[in-house]
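Fold and contact review
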Amino acid sequence: MARSLALLLSVVALCVSRTSPVRALDADAGVITLNDDNWSDLVMNNGREAWVVSFGADGCAPCAQLAPTFAKAAKHMGGIVNFGHVHVADDTMLIAKSAGLTKIPHVLGYPAHKTLNPYTKKTEKIGVEYRNSTSSHKRIAEFAAGLLPEDRVTRVVDADAFATARADAGDLPIAVLITGKETTGSLFKSLALRFRARAAFVEVHASNVDDVLGGASGLDTTAIEPPALLAFKKDAQAPIAHDGEMKPAALADFIETHAAAAPEDDAPEVMDPRGGKANVNAGEGANKGPKDDESLFPAVTPDKFHDQVLKPSPVAVVVFTRLGERECVDVSRTLAKSAIKGVNGRVSLMEVNASAPEAAALVAKYAPEVLTGTDGKDESKSKKCVAAVLFPHGSEKEDSDPDTYEGDVADADAFAQWAREAIPDFTMPLPSPKLVEAFMQNDPYSPKIFLFGDAKPDSALGLDFIALAANFHEDYNFATVPSSDVENARRFGVTSYPALRMMYVPPLKDGENPESGQVQMQVAQFPGHALDYLYMHSWLDQIRAQVLGKDGGVGSEGGAPKKGKADPVKVVGTSSELDGECGGAGLCVVAFVPQDDDDTELRTAIVQAAADDKSDRPVKFVVVDPVAQRSFASAFEVSAADVPAVAVISTRKNRFATYTHTFNADGIARFLDDVLAAKQRTRMIQEIPKLVPGGEAPEVVYDEEVEEEFDLADIMGEDVEGEVTNAERLSRIERELAEEEAEKQKKEEDAAAAAKKKAAKRKKKKKKKAKGSGAHSEL
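Residues numbered from 1 in each chain as written. Predicted model: local features only at pLDDT ≥ 70, side-chain atom pairs only at ≥ 80, totals over all residues. Heavy atoms only, no water.

Points about the overall build of the protein
If you tally the helices and strands in the protein, you get 23 helices and 28 strands. Taking all 779 residues of the protein together, the buried fraction comes to 45%. When contacts within the protein are restricted to residue pairs at least 6 apart in sequence, long-range pairs at least 24 apart make up 73% of them. Surface summary for the protein: the accessible area is close to 40600 Å², and the carbon and sulfur share equals 50%. (Helix = DSSP H or I, 4+ residues; strand = E, 2+ residues; numbered from the N terminus. Buried < 20%, exposed > 50% of the residue type's maximum accessible area, 1.4 Å probe, protein only. Contact = heavy atoms within 4.5 Å. Areas by Shrake-Rupley, 256 points an atom, 1.4 Å probe, with all protein chains shown as cover.)

This is the structure we're talking about:
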């Protein structure tokens, strides 16, 4: 193991017999040995199965430790995703080189699809690096499941949606799964991928079976118990029920019986990193691109225009083209070549077919100059064939003022300059090491992307980094570090420039309890040899899905985080209940909301909304009644006058911060963000107080005796026989008060006179001293 890294860049030495690219689903599936004979067929050209591949070598202790965990993960997945191993040796370098291997042990995931390079038109499978615990087979299995596509199964809730799904399936049969789960399981996703282009897949929740399948002939919906699998042939009203085991192999055999034949060109689908499927043919001719009479732009239909163009944040350029006319297609192709060469994935590129009747309203609104004339002749000839319309960055494009490209469609540089001017700059220059440290401490849970080098903002690399930040700024923080910062270069392992590094907080392990201000970060190196934009974009996309658990990108909601619903916020009244809710969380957000109050329901809903907003954070929300738990509330500086209020508590570090401002979800969420980002100061507490089961006894409030107020006039009207009259007593009191006031005033005047006299003496001394000093200076 003391040999150079070149020794590690090798491939499988163990030979196995050739197998079919699509393997049978096996509940006892193990790890398959991969070599340069079967790598291409089993992994790279297999469009129906995802793979997780480990790389190891002889004499590598961590590799030996990973092997049993990896095998256990393979068995756990049961063939739903394939698991393979590459044994690295001196004479097997092809696989390792193609994978960009730089270390062992190493685990890469390969989805079933290939990725298109819009500039070179080449397609390839890009491995997704596994960055989690190598000692947890469940984490590896979760990573494997994440490689399965999400869009191949349609969930329907009523008969109309089912009819639409059947119409969309065309001549293909439909496999219908009745399930009690709220989300699609990995097995059904895997089956949908395995039978791609051979069957359509629909999922129905058990509670909706009657609404969806009530009209199916010969089907008793009341007798269906989930999970159950049905098959509908084209136009058939009566389904065919699977009566075997609900095991992977049995389900695959059932679907195989009813599925259509596999297409002749069964190569992997090609995905465009700019959004959606690439408009090219996969397979041997994939690199040749579309035919010369087809558009090069990804298409967007009017019904998807809002979700794919107006809603995502990144800059979008939409080309409106009269695709029904060949000369217009030629203009579109010329513009596409300019766009691909000039912006190459930096902005979202799509095309609307202006010849389609359903697109008339969109064209009239955004590109009226390409509208087809009503007579189809003179007016259409007088109008433009193509209009490129730019929608600026932001999620409110509908209210924006789009810009139309007026330059030469063949001028790639002009088009690039026009498009790049609309890309906002979200990068932050960090010219000193102190700024780098401050940048890392700011919101530590957000991954940081650093570009090391001296690339100017208007250079090719500088513009690419700005575009990268604009497309991913909602998930990452971006900064540039000059080559003169050798301290951080050493810290991040930078030995050559330019270089790209990511610093991130790894996913939490079971039982971990992260603390604000003491977050353990890791550094990841960009695996590419050159900082090509397409591969940088793909790298961040993969990390976003794997580390952050998010999906998206240009053309798919702009990379906005997808937050789920948090668990219902519970009211806790004992310490064991509090520990049960908050024991495994990094921070505990305690909302002090009085119960049995007119506003209790509203305030609890506010806490729930804040919890939903922060469902992607390592925190837990609970409610405590400050009336029943006065001592507990008081320990966190919450009094009766402060409620409703919130305390963010670290139960492990015994620190807290209290929020007593406007009680709304946004305010609570912002306060929590400040605590997590170490912007909000926290206080120490000796120990977390105990909650009193059943609540504390009501606080006893004693009424204080208040002297009755009276009017001097009443006193003056009351005389007591044989004593001084009230009028005389009042006169004496007033006289004494006047004397006291006069004496107080005299003391103040005497003090002022003394101070004035003292100040005059001090001034006189200063003058004498100044005069003496002046005499010495003259000497």
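Here the narrative resumes, following the displayed structure.
Re the state of the cysteines
If you walk through the whole model with that rule in mind, you get three disulfides. Note that Cys60 is cross-linked by a disulfide to Cys63, the S-S spacing being 2.3 Å. One disulfide, between Cys60 and Cys63, carries an S-S torsion of 75° and so falls in the right-handed class. Cys63 matches Cys60 in its accessibility class, with the two residues each being buried. Each disulfide pairs two cysteine sulfurs, and for Cys328 the partner residue is Cys385, the sulfurs being separated by 2.1 Å. Residues Cys328 and Cys385 are joined through a disulfide that is left-handed, its torsion about the S-S bond being -60°. Of this pair, Cys328 sits in helix α10 (residues 326–342) while Cys385 sits in the loop between α12 (378–382) and β16 (386–391), and the two are 57 residues apart along the sequence. (Disulfide = S-S within 2.5 Å.)

So, the pattern of salt bridges
Under the counting rule described, the total for this entry stands at 18 salt bridges. Arg322 is the partner of Glu325 in a salt bridge, and the nearest nitrogen-oxygen pair spans 2.8 Å. With respect to burial, Glu325 and Arg322 carry one shared label: buried. Each of the salt bridges in this network shares a partner with another, and the network as a whole consists of Asp567, Lys570, Glu581 and Lys620. (Salt bridge = Lys/Arg side-chain N within 4 Å of Asp/Glu carboxyl O.)

What about the sheet that holds strand β22 (residues 522–525)?
Read across the sheet, five strands follow the order β18-β20-β19-β21-β22 without closing on themselves; strand pairing throughout is mixed. Whereas interior strands pair on both sides, the edge strands pair on one side only; in this sheet they are β18 (427–429) and β22. Within this sheet the neighbouring strands show an average axis-to-axis angle of 25°, counted without direction. Bridge count for strand β19 (residues 448–452) against strand β20 (residues 477–481) is five bridges, and the pairing is parallel. Bridging from a neighbouring strand, Phe452 pairs with Val481 of β20. Packed on one face of the sheet, helix α14 (residues 433–441) meets β18, β19, β20 and β21 (499–504) and runs near 160° to β19. (Pairing = 2+ DSSP bridges. Axes fitted to C-alpha atoms, helices over the stretch in contact; angles between N-to-C directions.)

Points about the nonpolar core
Counting 45 residues, the largest nonpolar core has Phe415, Phe478 and Leu500 as the members making the most contacts within it. Going through the elements one at a time, β14 (316–321), α10, β16, α13 (412–420), β19, α15 (460–472), β21 and α17 (533–546) are the ones with two or more residues in this core. Of the residues forming this core, the biggest block, eight residues, is contributed by α15. Look past the residues within four positions of Phe478 in its chain and what remains in contact with it is Phe426, Thr427, Met428, Phe439, Ile449, Phe465, Leu468, Ala469, Phe472, His473 and Leu540. (Core = buried A, V, L, I, M, F, W, Y, C linked by side-chain atoms within 4.5 Å.)

Concerning empty space enclosed by the protein
Across all of its chains, the model carries three cavities of 30 Å³ or more by this definition. Volume-wise, the largest cavity comes out at about 40 Å³. In terms of lining residues, the largest cavity is bounded by Pro173, Ile174, Ala175, Ala199, Ala231, Ile255, His258 and Ala259. When residues of the lining of the largest cavity are traced back to their parent elements, those giving at least two are β9 (174–179) and α8 (248–258). (1 Å grid on protein atoms, 1.4 Å probe; cavity = no way out; pocket = protein on both sides within 12 Å on 5 of 7 lines; lining within 4 Å. Points joined across faces, edges and corners; volume = space filled by probe spheres on them.)

Some remarks on the sheet that holds strand β11 (residues 228–232)
Read from one edge to the other, the open sheet built from five strands follows the order β8-β10-β9-β11-β12, with strand pairing classed as mixed. One side of each edge strand has no neighbouring strand; the edge strands of this open sheet are β8 (153–156) and β12 (240–241). Where β9 meets strand β10 (residues 200–205), six bridges bridge the pair, whose relative direction is parallel. In the sheet register, Leu177 faces β10, and the bridge partner there is Glu203. Each of β8, β9, β10 and β11 is contacted by helix α5 (residues 159–169), which is oriented at about 150° to β9, the strand it contacts most. Sheet contacts for α8: β9, β10, β11 and β12; angle to β11, the most-contacted strand, approximately 10°.

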